[in-house]
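# Inside the fold
Each chain, letter by letter, is given below.
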Amino acid sequence: MNREPRSRTPETPPPAPAPASGVVHWVGTGLSTGRSGLGLLCDRARQVVLWDRTADRADRRLAALGLTGRAGARGLEPGALAAAVGPGDVVVSMLPAAEHPALLDLAAGRGAHFACTSYTSPELDRGAAAGTGRGLVVLTEAGLDPGIDHLLAHALVDRARQAVGDRAATAVFTSYCGGLPAVPNDFRYRFSWAPYGVLAALGTPAHYAEDGAWRTARHPWLATRTLTLAGEDFEVYPNRDSEPFAAQYGFPDHWRLGGFVRGTLRNAGWRAAWSEVFDTVRAGDEGRTRALAKQLAERYPTTEADRDRVVLHVALEVTDPDGTPRWRGSRLLDLTGTAAESAMARCVSLPLALGVVRVLDGALRPGLNRAAETPAEAAAWLEALAGHGLAAVAEESAAPGNPGISSAPRAATADPLRPASRTGRGAPPEGEVPHGA
C-alpha cells in the first residue's frame, strides 16, 4: 500500500525558538483541565493565568483543583487576553478545536508560543509555518488521543526496528482509546461534554487498513470488533483517517502494512446499546441528531459520584513476508479516576503541561510540533510521564532465535504485565469498502 512520503529535511536549519518569558496563559476550564497538568505548570512556570468567561468562574475552578493562590484568574472580556499576552508567553487553548486558529493568531500577533491537544488542522499548520521565521513554537496533538497514543506508537516502532532490522516485513498496527464509565451502565457511556459532537462523529467515514488493503467504513460502528485485554472484553471501531499516521510514526518503507487502525474503544455491549443512535445518525437529519443528543445527555450525565476510566491500547506485530512471526509489542494504559481528579483530566492535561514545559525550556523547534515526532523525543516524554505516575504497561515478545530485543523494560508500575490482546476478526462488515471503490 502506498504511504505518504517522509518529510524532507529543510534546506536551511530553522531559527532558534524565541526565548520563553515563563508566563503561561491557560485558556479554558473544561473537564480536561486537570490538577496534575495545571499544578505542574504552577511549579515550573514563572506565572500561570487561568482564563474563563469571568474571573469568578476561573477562581472557582482553581479552588476545585486545589490550586487557589498558585495561579491567577482572569475573565475573557473583549480585548483582555490580547492585552495580557506578551512576547515569549505561551498561550494554551483548552477551548473547542474551532477556536484554536483565532487563539493562535492572537498569540502570534503578540510574539507568543501556542499549545493545544487537538489534531493539527490546515489552519494551525499554516499559522505555525508563518511563525517559524520568528522563532514561535506551535505544539499540537499533545493530550491523550492524540498525544500519548503517538508516544507509544513511536516507542513500539523503534523497538520493532531494533528487533527486526532492515529485512522486508509485514506489520499490523492498532491503536484504540476510550473514555469510559468505570462502572458500565445500560448505555455503556456517560456524557461529560459535547453530546452532539459525540454523535456527529459517528457520521464521519473511517479509513483504515486491514488484510493488506485500505478500506473505508461509511458508518464506523459497522466495523466494530471485539478486543480482549487482561480477560476483559471491549468493543473497538476505526475512526477518522488512519493512513497519514504510518508516515508520522516512522514506519519503514520496506514494511508492508498488513493492517493499520487508529480507533475508539468502548465497553462491551456498546454497539447494541447505541442502536437508536445509529439509526438517527444514519438518517442524516441534524435536527433529530441534536434532539437525541440532548435527551441522552439528560439521561446519562456524568455526576460527581461517577468515576471515569481511560483505556488506551497500542499494539504492533511484525512478521516475515511469509507470515512467520518476528516480533510483537503492546502498551496498555488503564486508569480510573478519583474524587480528586478524573482519569481523562489527568491523561489530557499532564502530557500537555509537559509539552508546555518543553516550550518553556526551549527544547522544541520553531514551527509545528506534535507530541513527539522521533523515537528519542517520544522516549523523553514517556519518561517524564512515568515520573509523574502515568505509565503504560509494556509487553513484548520475539520469535525464537531472533537476535533482536526480546523483552521491554517494565513500566513504572506495580501491576504485572498484561497478557496479549486478541482482536476478533471476520468478513468485512456491512458498509465497509476497499479504498477507492
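Scroll up to find the structure this text is about.
What counts, and where the lines are drawn
- Residues numbered from 1 in each chain as written.
- Predicted model: local features only at pLDDT ≥ 70, side-chain atom pairs only at ≥ 80, totals over all residues.
- Heavy atoms only, no water.
- Helix = DSSP H or I, 4+ residues; strand = E, 2+ residues; numbered from the N terminus.
- Expected span 1.5 Å × (residues − 1).
- Buried < 20%, exposed > 50% of the residue type's maximum accessible area, 1.4 Å probe, protein only.
- Phe/Tyr/Trp six-rings, centres within 6.5 Å; stacked < 30°, edge-to-face > 60°.
- Pairing = 2+ DSSP bridges.
- Axes fitted to C-alpha atoms, helices over the stretch in contact; angles between N-to-C directions.
- Parallel < 35°, antiparallel > 145°, perpendicular 65-115°, else oblique.
- Left-handed = near helix turned anticlockwise from the far one by under 90°.
- Contact = heavy atoms within 4.5 Å.
- Nonpolar A, V, L, I, M, F, W, Y, C, P; charged D, E, K, R; others polar.
- Core = buried A, V, L, I, M, F, W, Y, C linked by side-chain atoms within 4.5 Å.

### A short note on helix α12 (residues 343-360)
The terminal C-alpha atoms of α12 lie 26 Å apart, and with 18 residues this matches the ideal 26 Å at 1.5 Å per residue to within 8%. Counted residue by residue, α12 has 17 buried out of 18 residues, so it is predominantly covered. Looking one or two residues past α12, Gly362 carries a phi angle of roughly 75°, positive in sign.

### A word on the packing of aromatic side chains
As enumerated under the stated definition, the model contains 18 aromatic pairs in all. For the ring pair Phe187 and Tyr300, a centre distance of 4.5 Å and an interplane angle of 10° mean the geometry is stacked. Here Phe187, found in the loop between β7 (169-181) and α7 (195-201), pairs with Tyr300, found in the loop between α11 (286-299) and β13 (308-319); they are 113 residues apart in sequence, far enough to count as distant. Taken individually, Phe187 and Tyr300 each receive the classification buried, so the pair is uniform in this respect. Taking the centre distance of 5.6 Å and the plane angle of 90° together, the rings of Tyr189 and Trp274 count as edge-to-face. Taken together, the positions of Tyr189 in the loop between β7 and α7 and Trp274 in the loop between α9 (270-273) and α10 (275-283) put the pair 85 residues apart, joining distant regions of the chain. For Tyr189, a relative accessible area of 10% translates into the label buried.

### Concerning the pairing of strand β10 (residues 225-229)
Burial within β10 is extensive, with four of its five residues counted as buried. The pairing of β10 with strand β11 (residues 232-238) spans five bridges and is classified as antiparallel. Residue pairing for β11: Thr226 is matched across the bridge by Glu235. Here β10 folds back onto β11 in antiparallel fashion, the turn holding two residues, of which Ala230 has a positive phi close to 50°.

### A word on the packing of helix α6 (residues 148-164) against helix α13 (residues 375-387)
It is at 9 Å that the axes of α6 and α13 come closest, and there the two elements cross at 125°. Comparing their axes, α13 and α6 come out oblique. You can see that α6 and α13 cross each other, and the crossing is left-handed. Contacts from Ile148, Leu151, Leu152, His154, Ala155 and Asp158 in α6 reach Pro375, Ala378, Trp381, Leu382 and Leu385 in α13. Taken together, the residues of the contact of α6 with α13 break down into nine nonpolar, one polar and one charged.

### Some thoughts on the nonpolar core
Core analysis: the largest hydrophobic core is formed by 73 residues, its most contacted members being Leu144, Phe251, Phe260 and Leu316. Counting residues per element, this core draws most heavily on α12, which supplies 12 residues. Leave out the neighbours within four places in its chain, and Leu144 touches Asp149, Cys177, Val310, Leu312, Leu333, Met344, Cys347 and Val348. Ranked by size, the runner-up nonpolar core spans 18 residues in total, among them Trp221, Leu222, Val281 and Leu292.

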